[in-house]
Amino acid sequence: WRATLPYGATKSHWPKRGKELDSATIMSEHEDFIHDAQIDYYGQYIASCSSDRTIKVWQIVDGKEQKLVDTLRGHDGPVWQVAWAHPKYSHTSLLASCSYDHKVIIWKETDKHKWAPIHTYKGHTSSVNSIAWAPHEFGLMLASASSDGTIAVSVYDATASPPTWNTKTFMAHQIGCNAVSWAPSHDPTGKGPKRLATAGCDNLAISWLFNEETQQWDREHNFDGHKDWVRDVAWSPSVGVPYQTLATCSQDKTVQLWKHTDSSWERLCELPAFEHAVWRLSWNVNGTILAVTTGDNKVTLMKEGPGGEWKPISVMDTANAAATSA
């Protein structure tokens, strides 16, 4: 099985209008479907995960060449997602993974190019579908979303003896949760509001605000614009603007954008309809381009025009490893 990675469309580099999107195909050595691939903070490693129950870590050499350096085994079912932690909290890299086996595993690079599990969370009672690290300003904190309807937020306590992970859970979507995403933090002290968004099988996306007094997650707003399962939620980095933007996508083939100011939410727009169900969303580093992954194996890069309309600037057919730019 292969993974196709678009060069020029990573978190830090996106293609300009009219520029061809380069891509590279990795013969991943996975033995089943690949569900996710993520590049680390420094662009040195790629982690991929698969239904073959493994995670593979690749070293990126000279910007494009990839070298397989480790295969991580610890899950007992398909591995749905992987996520790299911000490097602030460890001199070696941390990687989180989640699986159909109800587990979340945090891996640490214990030797050069070798990772070992340092923490396993087994509190979910069904498939864990999504994981997301909090903004580094809040500390080392990981959220996970499960088909059991709950969100678990695990916080690393370095002051404990020995240091430990403390986890709190709350019910988010009664019939299952598909995704979780953290709102960006613009307070370098870490004292700003902690906010999550979740996507559910109840056709809702929901924003949650952490109450510092009660130490609980309070429901803030229901986004009820979709007509089928909400598959993913993604906060824009919102660089240089006085508001926050949330993107939601659904089995109903739509993507919607929502705007949050200090006191209210409003729907900004619905992107032009797609031909297939929309599964994943990802923003570029400054929140100007949204990558939309659909059920026909295509990744479409969407950008807002001068008049506020969103248009595709590039479409990548991952099945054929081909990309075209508008």
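As shown above, the structure is provided for reference.
Here the structure is a predicted model, which means the values were calculated and not measured. (Residues numbered from 1 in each chain as written. Predicted model: local features only at pLDDT ≥ 70, side-chain atom pairs only at ≥ 80, totals over all residues. Heavy atoms only, no water.)

Visitor: Now, about the overall build of the protein: what can you tell me, with residues and values included?
Guide: From N to C terminus, the protein includes zero helices and 27 strands. Split into buried and exposed, the 326 residues of the protein put 51% on the buried side. Relative to all contacts within the protein whose residues are 6 or more apart in sequence, the contacts with residues 24 or more apart total 44%. Looking at the protein as shown, the accessible area adds up to about 15,400 Å², and 49% of this sits on carbon and sulfur atoms. (Helix = DSSP H or I, 4+ residues; strand = E, 2+ residues; numbered from the N terminus. Buried < 20%, exposed > 50% of the residue type's maximum accessible area, 1.4 Å probe, protein only. Contact = heavy atoms within 4.5 Å. Areas by Shrake-Rupley, 256 points an atom, 1.4 Å probe, with all protein chains shown as cover.)

Visitor: Could you give me a rundown of the nonpolar core, with the residues and numbers involved?
Guide: Within the largest apolar cluster, 19 residues are counted, with the highest numbers of intra-cluster contacts made by Ile151, Val153, Trp182, Leu196 and Trp217. Of all the elements in the fold, those that place two or more residues in this core are strand 12 (141-146), strand 13 (150-157), strand 15 (177-182) and strand 17 (205-211). Beyond its immediate stretch of four places on either side in the chain, valine 153 contacts Met141, Leu142, Ala143, Asn166, Thr167, Lys168, Trp182, Leu196 and Trp217. (Core = buried A, V, L, I, M, F, W, Y, C linked by side-chain atoms within 4.5 Å.)

Visitor: Now, about the sheet that holds strand 8 (residues 94-99): what can you tell me, with residues and values included?
Guide: If you walk across this open sheet you meet the four strands as 7-8-9-10, and the pairing is antiparallel. With partners counted over all chains shown, the strands left at the sheet margins are strand 7 (79-84) and strand 10 (114-121), one partner each. Within this sheet the neighbouring strands show an average axis-to-axis angle of 25 degrees, counted without direction. Bridge analysis of strand 7 against strand 8 gives five bridges, and the strand direction is antiparallel. Of the residues in strand 8, the one forming a bridge with tryptophan 84 is leucine 95. (Pairing = 2+ DSSP bridges. Axes fitted to C-alpha atoms, helices over the stretch in contact; angles between N-to-C directions.)

Visitor: Before we move on, can you summarise the pairing of strand 21 (residues 255-260) with the specific residues and values?
Guide: In summary, the side chains of a regular strand alternate between the two faces of the sheet. Across the six residues of strand 21, five count as buried, placing the element largely inside the fold. Connecting strand 20 (residues 244-250) to the antiparallel partner strand 21 that follows it, the hairpin turn spans four residues, and lysine 253 within it adopts a positive phi of roughly 75 degrees. Where strand 21 meets strand 22 (residues 265-270), five bridges bridge the pair, whose relative direction is antiparallel. Within strand 22, the residue paired with histidine 260 across the bridge is tryptophan 265.

Visitor: Help me get a handle on the side chain of threonine 248, residues and values and all.
Guide: Summarising the element assignment, threonine 248 is placed in strand 20. We classify threonine 248 as buried; its relative accessible area is 0%. At a separation of 3.2 Å, a polar atom in the side chain of threonine 248 contacts the side chain of tryptophan 258. (Polar contact = N/O pair within 3.5 Å; in protein donor to acceptor, adjacent residues only side chain to side chain.)

Visitor: Give me the packing of aromatic side chains: which residues, what numbers.
Guide: Tallying each qualifying case throughout the model produces 15 aromatic pairs. On the numbers, 5.1 Å between centres and 90 degrees between planes, the contact of tyrosine 45 with tryptophan 115 is edge-to-face. Separated by 70 residues along the polypeptide, tyrosine 45 in strand 4 (residues 45-50) and tryptophan 115 in strand 10 bring together distant segments of the chain. The class of tyrosine 45 is buried, set by a relative accessible area of 7%. Consider the rings of phenylalanine 170 and tryptophan 208, whose centres lie 4.8 Å apart with planes at 55 degrees: the pair is tilted. (Phe/Tyr/Trp six-rings, centres within 6.5 Å; stacked < 30°, edge-to-face > 60°.)

Visitor: I'd like to hear about the pairing of strand 13, residue by residue, with values.
Guide: Note: strand 12 against strand 13, five bridges, orientation antiparallel. Residue serine 144 lies in a different strand from strand 13, and its bridge partner there is alanine 152. Counted along the chain from strand 12 to the antiparallel partner strand 13, the turn is three residues long, and its residue glycine 149 has a positive phi close to 95 degrees. When strand 13 meets strand 14 (residues 164-171), the two strands line up antiparallel, connected through eight bridges. Residue pairing in the sheet places serine 154 in a bridge with threonine 167 of strand 14.

Visitor: For the sheet that holds strand 12, give the residues involved together with the corresponding values.
Guide: Taking strand neighbours across the sheet as the criterion, the four strands line up as 11-12-13-14 in an open arrangement whose pairing is antiparallel. Each edge of the open sheet carries a strand with a single partner, namely strand 11 (128-133) and strand 14. For this sheet the average axis-to-axis angle between neighbouring strands, irrespective of direction, equals 20 degrees. Note: strand 11 against strand 12, five bridges, orientation antiparallel. Residue pairing for strand 12: isoleucine 131 is matched across the bridge by serine 144.

Take it as geometry only, folks, not as evidence of what the structure does.
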